[in-house]
Amino acid sequence: MATLYIDNQPHEVNSGHNLLEACLSLGLDLPYFCWHPAMGSVGACRQCAIKVYKDENDKKGRLIMSCMEPVTNNQRISVADTEAKEFREEVIGWLMTNHPHDCAVCDEGGSCHLQDMTVMTGHAYRKFRYKKRTHTNQDLGPFINHEMNRCIQCYRCVRFYKDYAGGKDFDVFASRNKVYFGRQEDGVLESEFSGNLAEVCPTGVFTDKTLKQHYTRKWDLTMAPSICQHCSLGCNIIAGERYGSLRMIGNRYHGEVNGYFICDRGRFGYEFVNAPGRVRQPIMNGQVIGRKEVLQEINRLLKEAKVIGIGSPRASIQSNFALKALVGKNNFYHGVSESEHDMAELAIRILKEGPVRTPSLKEVESCDAVFILGEDLTNSSPMLALAVRQAARVQPMNEVAKANIPEWNDAAVREFVQDKNGPFFSATIHDTKLDELASEKYYAAPDDIARLGFAVAHRIDSAVPDVPNYPEELKQLADRIASGLLQSENPVVISGVSSESETVMRAAANVAWALHSKKKKAGLVLTMLECNSLGLAMMGGGKLDGAFNAVLNGHADTAIIMENDLYRHGSFATVDKFLKTCKQVIVLEHTPHATLKKAHVIIPAGTFAESDGMLINNEGRAQRFFQVYESTEVIQESWRWLLNMGINAGNEHMSQWKNFEDITKAIAQEEEFLKGVDTITPPSSFRVAGQRIPREPHRYSGRTAMNANINVSEPKPPEDPDSSLSYTMEGYRGLAPSSMIPFFWSPGWNSVQSVNKYQNEIGASLKGGDPGLRLIEPEPGAVANYFSTVPEVFQPIADHFWLVWTHHIFGSEELSKRSPSVAQRMPQHPYAMINPKDAEQQKVNEGDKISFEVEKHVYVLMVKLNNTIPSGVAALPYGLEGMPSTELPGWGILKR
């Protein structure tokens, strides 16, 4: 810590910060543009000028840029100095020289950092009276709108896109005083993080194109804190609604999880909520019926039928628990494939019983070596891919520190480091976007990837079984990887479920445990397939095959299927037979799919935007999402439907529950692995000064006019029985508990930059601590119990392909692919990715058709050639329409 005198007032500040960070951390208002808390300083905009003095006797001082000056002990500065204030106002005047007078029609108007900083500096009138420089805008694809004339040349966009996120198709182009930020030519932005440009940009150059299609001023949105539904990482988001439809998703800062950014699937995948084909009414045998009638029918079935329940890895723990309570724990089954079920349980065992913990995304960014086994992170867990991009720079940063360059001085750091990366090792089925960072790359079938993992673990700790008859070339590769990991202090090993291989996950655990045995601060990250895969596994339940057998063997005749398309988790023939054998199929769902078409009774469930619930991410962090708005129809949360069913059926256990809070308390009491989940948010009775926390900003407008077609009198807003949030603009305007902040705003700070007012210090946790509760930590004194079964080497079979899944960030996840903007980024055709040598042997070329049989079903797919996929292996895109409904990996028989 250091003592910093600001306008003659002493303050204790972090000595590792620059002066701008120190001032903002203290809550002072100091304007800036080019600096960003995640990307550091470049000194491009000259907006953050302050006065610095030699000592207390210096009365003149000198102007400096606060973002480029480190904090030193007993330093004296002035933010309020007249010369500094006049300089800052002049800078705004320069930046405004070519900025259009279009605030009234700009998408960022009223939530614009440029507007905030202009007001903050006192700049009110423009002196420039001549013709402005103009630019031609580009079509950048379905996600981002481009309006280059609003640019103030802060360079944030290109620094994020190229330097931070690793994008290749976006840059800055300049000639004399003309500076242009965009692509070489019109075209879709290729980065999986391009949507962050809308929040990184301090003006309206880059804006959310999906919001523009149903535009609403951000202060007119009803908003709530939420959790991304599209992968297992649990990124925090803000969801905004107007006129009963979800209008936008924004990043919600979380110091341990996603920080300042989210991926494009998380930002733009929300439009499935507004899909015209959504389930919005109860339906029985093809006929729309009322809420009362459907509950009566369910009540009859529960009394007369033998009922089982099938849960979902994308439903909240409250909904899964309510279904389990309704049908009984012995009749509750996980709605996932056998492989997914076993791997999720294996992950829990590894993380609970082993000695190595799972680092958060923020902690991954600080790891100094990375070893990835079997995961294409960019497509399966994008924000983890972004985190390891930052981790690749950690070891070179040690040299930066020796050169006395502050870490926040981004321009100097990148000039010093150039293209150097730390130890980064990748073993995957085929090439990935992260390969450009890798010191060593290895492409192989899942079992061969596992063999490499076992070999590396053995070289770190000889107690791990070695791989017999390992080729010399691969021995040398294992030696180099082990050496690189051992030279680090804080390595991370990453694997997961995408490869559908337990042996790969076991190998990853062995490597992490071996590193731990050598006193390394090792981390182990295991990704899951869906947003609540780990939460479902932690609740316990039977395998999906058990549900099938219960019906096929006559032990049950009715199935309640909740928020789950079984055809994604089982073979077509088995699921088809199961559904046909059921006397009654009851489906609670919001999104149409193949299973829904076979239902006798359909019950409209709420999406995350219309629901309260909790999810547990891949690190075991339980987090709550809040209802954004109440649906005006019969749509409600799955758990609320199930609660009503249980009460109507006389279920004594469920009759004790009245709301979300009661169910959550029951979960904490009854589920061994979920204790404490009732403490992660304040109770529904929580009030501050007797007031709720408002979901709407105080500038919210049109409450009467928006419903005038129904009634000219303003309707009474609904009351939320499940949280202390209100559905109005009235309520407590101060600092809310971190888990309940519905939007970031502070006087003078109307843009997303206002998050600095909510943090303990810049880039650190939110005041009161970051939301959520970690439920999985290694047992004290846990020791490594190494896995000892080394898989056999993969052997291709003539006229067969070993079929594995490959994932796409756009198209593989079930809900986001129904968003029209995301649909434009999906692969247009299902395919089989094979090695050119196999294609030559089969006499097929790129784009030709290839046929193979899986479980007596013949599939015809387009050939896609890839030089890195091993011979004898074919990768199929997971989740795309037209793909085999079967559990992979497995053998496919080639058909001539």
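Everything quoted here is computed from the prediction, not taken from an experiment.

### So, the pairing of strand β2 (residues 9-13)
Taken residue by residue, a regular strand's side chains alternate between the two faces of the sheet.
Moving on, step 1. One ladder, built from five bridges, connects strand β1 (residues 2-6) with β2; its direction is antiparallel. In the sheet register, T3 faces β2, and the bridge partner there is E12.
Moving on, step 2. Between β1 and the antiparallel strand that follows it, β2, lie two residues; D7 among them carries a positive phi value of about 50°.

### Details of unusual backbone geometry
Peptide bonds are mostly trans, and most non-glycine residues show a negative phi.
Moving on, step 1. For N8, which is not a glycine, the phi torsion comes out positive at approximately 70°.
Moving on, step 2. Residue position: N8 is located in the loop between β1 and β2.
Moving on, step 3. You can call N8 exposed: its relative accessible area is 61%.
Moving on, step 4. Although it is not a glycine, E563 adopts a positive phi angle of roughly 45°.
Moving on, step 5. Note that E563 resides in the loop between β22 (558-562) and α21 (572-581).

### As for the sheet that holds strand β5 (residues 75-78)
Moving on, step 1. Within the open sheet, the five strands sit side by side as β2-β1-β5-β3-β4. Their pairing is mixed. Strands with a single pairing partner mark the edges of an open sheet, and in this sheet they are β2 and β4 (62-65). Strand-to-strand, the axes of this sheet are offset by a mean angle of 40°, without reference to chain direction.
Moving on, step 2. In terms of strand pairing, β1 meets β5 through three bridges, oriented parallel. Paired with I6 across the two strands is I77, which belongs to β5.

### Regarding the side chain of N617
Moving on, step 1. With respect to the helices, strands and loops of the structure, N617 is situated in the loop between β25 (613-616) and β26 (621-625).
Moving on, step 2. Classification of N617 by relative accessible area gives buried; the value is 2%.

### Let's talk about helix α4 (residues 156-164)
Moving on, step 1. Counting buried positions over the nine residues of α4 gives seven, a clear majority of the element.
Moving on, step 2. Taken as a whole, α4 has its buried residues at R156, C157, V158, R159, F160, Y161 and Y164.
Moving on, step 3. Just downstream of α4, G166 is the residue with a positive phi angle, here 80°.

### What to know about helix α8 (residues 291-304)
Each α-helix winds once per 3.6 residues, and so residues spaced three or four apart point in a common direction.
Moving on, step 1. Spanning 14 residues, α8 covers 20 Å between terminal C-alpha atoms, matching the ideal 20 Å at 1.5 Å per step.
Moving on, step 2. Buried residues along α8 sit against β13 (283-284), β15 (307-310), β23 (584-589), β24 (601-604) and α23 (638-648).

### Considerations on the domain arrangement of the chain
Moving on, step 1. When cut into domains, the chain gives domain 1 (2-80), domain 2 (283-336 + 535-674), domain 3 (341-529) and domain 4 (800-895).
Moving on, step 2. Relative to domain 4, the C-alpha centre of domain 3 lies at a distance of 27 Å.
Moving on, step 3. Of the residues lining the interface, 15 residues belong to domain 3; the matching set on domain 4 comes to 17 residues.
Moving on, step 4. Of the roughly 1200 Å² buried between domain 3 and domain 4, counting both surfaces, carbon and sulfur atoms make up 64%.
Moving on, step 5. Area buried by domain 3 at its contact with domain 4 is led by N379, I429 and H430, which between them contribute 39% of it.

### Some thoughts on the packing of aromatic side chains
Moving on, step 1. Evaluated as defined, the whole model comprises 25 aromatic pairs.
Moving on, step 2. Here Y32 and W749 contribute two aromatic rings whose centre-to-centre distance is 6.1 Å and whose plane-to-plane angle is 35°, an arrangement assigned as tilted. Here the residue Y32 occupies a position in the loop between α1 (19-25) and β3 (49-53), and W749 occupies one in the loop between β28 (725-726) and β29 (773-774), the gap between them amounting to 717 residues.
Moving on, step 3. For Y32, a relative accessible area of 2% corresponds to the buried category.
Moving on, step 4. Given a relative accessible area of 0%, W749 falls into the buried group.
Moving on, step 5. Stacked on the ring of Y5, the Lys or Arg R76 has its end atom at 4.1 Å from the ring centre.

### Digging into the layout of surface pockets
Moving on, step 1. Approximately 1000 Å³ is the volume found for the largest pocket.
Moving on, step 2. Forming the boundary of the largest pocket are 41 residues, of which P37, A38, K362, E365 and E407 lie nearest the centre.
Moving on, step 3. Of all the secondary structure elements, the ones that give two or more residues to the lining of the largest pocket are α4, α11 (361-365), α13 (382-391), α14 (394-402) and α15 (410-417).
Moving on, step 4. No other element matches the five residues that α14 contributes to the lining of the largest pocket.

### Examining the pairing of strand β20 (residues 491-496)
Moving on, step 1. Burial of β20 is extensive: six of the six residues sit out of reach of the surface.
Moving on, step 2. Side-chain alternation along β20 places P491, V493 and S495 on one buried face and V492, I494 and G496 on a second face that is also buried.
Moving on, step 3. In terms of strand pairing, strand β17 (residues 369-373) meets β20 through four bridges, oriented parallel. Residue V370 lies in a different strand from β20, and its bridge partner there is V492.
Moving on, step 4. Each parallel crossover has a hand, and the one from β20 via helix α18 (residues 502-517) to strand β21 (residues 523-527) is right-handed.

### Observations regarding the sheet that holds β13
Picture the strands of a sheet paired through backbone hydrogen bonds; they go either parallel or antiparallel.
Moving on, step 1. What the seven strands build is an open sheet, ordered β14-β13-β24-β23-β22-β15-β16; its pairing is mixed. The open sheet terminates on both sides in strands that have one partner only, identified here as β14 (287-288) and β16 (332-333).
Moving on, step 2. As paired elements, β13 and β24 share two bridges and run antiparallel to each other. The residue bridging M284 from the neighbouring strand is V601, located in β24.
Moving on, step 3. Contacts from helix α9 (residues 317-327) reach β15, β16 and β22 within the one sheet, and its direction differs from that of β22 by about 165°.
Moving on, step 4. The strands touched by α23 within the sheet are β22, β23 and β24, with β23 carrying the most contacts at an inclination of about 135°.

Calculation criteria
- Residues numbered from 1 in each chain as written.
- Predicted model: local features only at pLDDT ≥ 70, side-chain atom pairs only at ≥ 80, totals over all residues.
- Heavy atoms only, no water.
- Pairing = 2+ DSSP bridges.
- Helix = DSSP H or I, 4+ residues; strand = E, 2+ residues; numbered from the N terminus.
- Buried < 20%, exposed > 50% of the residue type's maximum accessible area, 1.4 Å probe, protein only.
- Axes fitted to C-alpha atoms, helices over the stretch in contact; angles between N-to-C directions.
- Expected span 1.5 Å × (residues − 1).
- Contact = heavy atoms within 4.5 Å.
- Domains from an automatic or database assignment.
- Buried area = accessible area lost by both parts, 1.4 Å probe.
- Phe/Tyr/Trp six-rings, centres within 6.5 Å; stacked < 30°, edge-to-face > 60°.
- Lys NZ or Arg CZ within 6 Å of the ring centre and 35° of its normal.
- 1 Å grid on protein atoms, 1.4 Å probe; cavity = no way out; pocket = protein on both sides within 12 Å on 5 of 7 lines; lining within 4 Å.
- Points joined across faces, edges and corners; volume = space filled by probe spheres on them.
- Right-handed = clockwise from strand over helix to strand, strands pointing away.

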